[in-house]
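As a plain string of letters, each chain reads:
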Amino acid sequence: MRHRIPGRPRQRDPEGMSSPRLLIGRRSVRGAYYMLTSNVADRQKLFVDAARVECVVEALRCSDREARSRTLAWVVMPDHVHWLMQLRDGNISRCMQSFKSSASRAFNLLTGAQGSVWQRGFYDHCIRSDESLEGQARYLIENPVRAGLTASVGEYPYAWSRWPMASEPAPTAQGQPT
């Protein structure tokens, strides 16, 4: 039986997160790179401090240690997580299920809550060979800036990329960095 976090009403995601349509066209290819997104149930802002975020980050690390994935970048937003990774073993659905289960167990242990932290389903985008992985990582790392959580890239504490992502200096009137 699925347990719910107390006080959390049971609702269906208005954006269709748990829709079977998310499975249409989903392919799992070992060695392929994926941009993945998973939302917190009811889009609650659960990941608001370092201890809670660490539950998610440790689940990502566990996936890497168990050779299911190779993480290239991640950002933990208050109500969702973005993960750029390479699938190393199994399929993408099992990898996400394992990640979400591990993060939920750690979160529940930390907070005393019960049940799933995540909405059912997830969004995935298989990176095409002509797409830049570094560009995808930059897009992911810029998410907190677009959401208004920080003024510039590199300031948000709950993000990581294997590529340097510090804000670039603003150009001067002559077009040269200051």
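These lines cover the structure that appears in this document, whether it is placed above or below.

Thresholds applied
- Residues numbered from 1 in each chain as written.
- Predicted model: local features only at pLDDT ≥ 70, side-chain atom pairs only at ≥ 80, totals over all residues.
- Heavy atoms only, no water.
- Helix = DSSP H or I, 4+ residues; strand = E, 2+ residues; numbered from the N terminus.
- Buried < 20%, exposed > 50% of the residue type's maximum accessible area, 1.4 Å probe, protein only.
- Contact = heavy atoms within 4.5 Å.
- Polar contact = N/O pair within 3.5 Å; in protein donor to acceptor, adjacent residues only side chain to side chain.
- Phe/Tyr/Trp six-rings, centres within 6.5 Å; stacked < 30°, edge-to-face > 60°.
- Core = buried A, V, L, I, M, F, W, Y, C linked by side-chain atoms within 4.5 Å.
- Arc of directions from axis to C-beta.

### Things to note about the overall build of the protein chain
No. 1: Along the protein chain, the regular secondary structure elements total four helices and five strands.
No. 2: Expressed as a percentage of the 178 residues in the protein chain, the buried residues total 44%.
No. 3: Long-range contacts, defined here as pairs at least 24 residues apart, represent 67% of the contacts in the protein chain between residues at least 6 apart.

### Regarding the side chain of His 80
No. 1: Along the chain, the position of His 80 falls in strand 3 (residues 80–87).
No. 2: Within the structure, His 80 has its side chain in polar contact with the side chain of Asp 79 (distance 2.7 Å).
No. 3: At 3.0 Å, the side chain of His 80 and the side chain of His 82 are in polar contact.

### Thoughts on the packing of aromatic side chains
No. 1: In this structure the tally under the stated criterion is five aromatic pairs.
No. 2: An angle of 45 degrees between the planes, with centres 5.7 Å apart, marks the rings of Phe 99 and Trp 118 as tilted. You can see Phe 99 sitting in helix 2 (residues 92–111) and its partner Trp 118 sitting in the loop between helix 2 and strand 4 (123–126), a full 19 residues away along the chain.
No. 3: Judged by relative accessible area, Trp 118 falls into the buried class, the value being 2%.
No. 4: Aromatic pair Tyr 156 and Tyr 158: ring centres 5.6 Å apart, planes at 85 degrees, arrangement edge-to-face.
No. 5: Residue Tyr 156 is classed as buried on the basis of its relative accessible area of 12%.
No. 6: The buried category is assigned to Tyr 158, whose relative accessible area is 18%.
No. 7: The structure contains a cluster of three or more aromatic residues connected by ring pairs, namely Phe 47, Trp 83, Phe 99, Phe 107 and Trp 118.

### Here's the deal with the nonpolar core
No. 1: Ranked by size, the top nonpolar core spans 43 residues in total, and within it Phe 47, Val 76, Leu 84, Phe 99 and Trp 118 carry the most contacts.
No. 2: Of all the secondary structure elements, the ones that give two or more residues to this core are strand 1 (33–39), helix 1 (50–65), strand 2 (69–77), strand 3, helix 2 and helix 3 (133–141).

### Re helix 3
No. 1: Along helix 3, the residues classified as buried are Leu 133, Gln 136, Ala 137, Leu 140 and Ile 141. All buried residues of helix 3 lie within an arc of 135 degrees about the axis, which places them on one face of the element.
No. 2: Looking at the buried positions of helix 3, the neighbouring elements they touch are strand 1, strand 2, strand 3, helix 4 (143–146) and strand 5 (159–161).

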